[in-house]
Amino acid sequence: MRPLKLEDLHPGYVAGLNDPEVNRYLDGVKRVAQTEQSVSEFVKQNQQSENAVLFGVWLNGAQHHCGTVRLHGIESHHKTAHIGICLFDKSVWGKKLGSKVIEAVTRWALDKLKLRWIEAGAYSENIASQKTFLAAGYEWIYDIPDKYIFEGKPSTVKVYAAKSLAV
Ligand SMILES: CC(C)(COP(=O)(O)OP(=O)(O)OC[C@H]1O[C@@H](n2cnc3c(N)ncnc32)[C@H](O)[C@@H]1OP(=O)(O)O)[C@@H](O)C(=O)NCCC(=O)NCCS
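In this report, we go over the structure that sits alongside the text. Residue numbers run consecutively from 1 along every chain, following the written order of its sequence. Per-residue local features of the predicted model are confined to residues with pLDDT of at least 70, and side-chain atom pairs are confined, for both listing and counting, to 80 or more; whole-chain, interface and lining totals are unaffected and use all residues. Each side-chain value is derived from all of the structure's non-hydrogen atoms; neither hydrogens nor water enter the calculation.

### Details of the overall build of the protein
- Summing up its helical and strand segments, the protein has 6 helices and 7 strands in all.
- Segments assigned H or I by DSSP are reported as helices when at least four residues long, segments assigned E as strands when at least two residues long, and all are numbered from the N terminus. Traced from its N-terminal end to its C-terminal end, the protein shows the element sequence β-α-α-α-α-β-β-β-α-β-α-β-β.
- The reference for a compact globule is 2.2 Å times residues^0.38; the radius of gyration itself is calculated from the C-alpha atoms. Taking 167 residues into account, the globule formula puts the C-alpha radius of gyration at 15 Å, and the protein, at 16 Å, falls close to it.
- Seen through its C-alpha atoms, the protein measures out along the principal axes to roughly 40 × 40 × 30 Å.
- Among the 167 residues that make up the protein, the fraction classed as buried is 39%.
- For the protein, long-range pairs separated by at least 24 residues make up 56% of all intrachain contacts whose partners lie at least 6 apart in sequence. Whether a residue is buried, partly exposed or exposed follows from its accessible area with a 1.4 Å probe, protein chains only, as a fraction of its type maximum: under 20%, in between, or over 50%, in that order. In what follows, a contact means two residues having at least one pair of non-hydrogen atoms within 4.5 Å.

As structure tokens, then:
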């Protein structure tokens, strides 16, 4: 894993983000068709942001990245951040790669950035995501019932966090 650069973009990244099976639970991604331009903008915005880091994930020896993990909303007073993951290349699903990369980015954020609280939200229907965050050491904090609409119906978002409560 390393921060993603514009040179890392490849057609599989854009195509993966537009795959309904991949973006099913990704509100922002599926709202508009992703293009080379929209994905480049996203990468640039994250590169320039002071409160976000977008990591690319590569399998050993692979030419192209297969996913991303993003820390965002990094807040320096409370020392908190949000985390999101997208393994857009479905050929890597089912290998527990998600929990490994979340664990690594979370450890870096807690140890090196000295953050205290890394938070993730997942639709209750997204079982793979919830299992992934739990396996990466996150704990369930609370549920937000009915606030967000998933596939046309009010749904529950489950909030998980990894903490290091030293101040
Ligand atoms: C969610 C995601 C990160 C999971 O990554 P992964 O490494 O492929 O996860 P795995 O397939 O190894 O699955 C983890 C667990 O979920 C289970 N699982 C996977 N798909 C499932 C499904 N559709 N229904 C129920 N359980 C499922 C696996 O059996 C495994 O369970 P176990 O730990 O008890 O063995 C990946 O699928 C992804 O990026 N999806 C698209 C984007 C997304 O939804 N991101 C999260 C938004 S909150």
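### Structural notes on the site of the ligand
- Among the 19 residues in the neighbourhood of the ligand, the closest are listed as I85, L87, G94, K96 and G98.
- N or O atoms within 3.5 Å of each other form a polar contact, as long as, within protein, one can give a hydrogen and the other can take it, and as long as residues adjacent in sequence are counted only when both atoms are side-chain atoms. At a separation of 2.4 Å, an oxygen atom of the ligand approaches a polar side-chain atom of K96.
- For the ligand, an oxygen atom lies 3.0 Å from a polar atom in the side chain of K131.
- Method for areas: the Shrake-Rupley scheme with a 1.4 Å probe, in which residue coverage is limited to the protein chains shown. Contact with the protein chains covers 69% of the free accessible surface of the ligand, which is 960 Å².
- Each cavity reported here is a set of points on a 1 Å grid over the protein atoms alone in which a 1.4 Å probe fits but cannot get out, each pocket an open set with protein on both sides within 12 Å along at least five of seven lines, and each lining residue one with an atom within 4 Å of a point. Each molecule is checked against the cavity or pocket grid, and it sits inside if more than half of its atoms lie within 2 Å of the grid points. Assessed atom by atom at 2 Å from the grid points, the ligand resides in the largest pocket.
- Counting residues per element, the ones that place at least two in the shell around the ligand are β4 (80-86), α5 (97-111) and α6 (127-135).
- With 5 residues, α6 is the single largest residue contributor to the shell around the ligand.
- Nonpolar residues are Ala, Val, Leu, Ile, Met, Phe, Trp, Tyr, Cys and Pro. Charged residues are Asp, Glu, Lys and Arg, and all others, Gly as well, are polar. Its residues assigned to classes, the shell around the ligand comprises 10 nonpolar, 6 polar and 3 charged. Neighbouring residues are identified by heavy atoms, a residue being near a molecule or strand if any of them is within 4 Å of it.

### Overview of the nonpolar core
- Counting 24 residues, the largest nonpolar core has L71, I83, L97, I118 and Y138 as the members making the most contacts within it.
- Among the elements of the structure, β2 (53-57), β3 (67-75), β4, α5, β5 (117-123) and β7 (153-163) are those that each provide at least two residues to this core.
- No other element matches the 6 residues that α5 contributes to this core.
- Leaving out residues up to four positions away in the same chain, L97 has contacts with V57, L59, C66, L87 and V92.
- Side-chain atoms within 4.5 Å are what join buried Ala, Val, Leu, Ile, Met, Phe, Trp, Tyr and Cys residues into a set we call a nonpolar core. Of all hydrophobic cores here, the second largest spans 10 residues; its members include V14, V22, V39 and F88.

No statement about biological role is implied by the geometric values presented.
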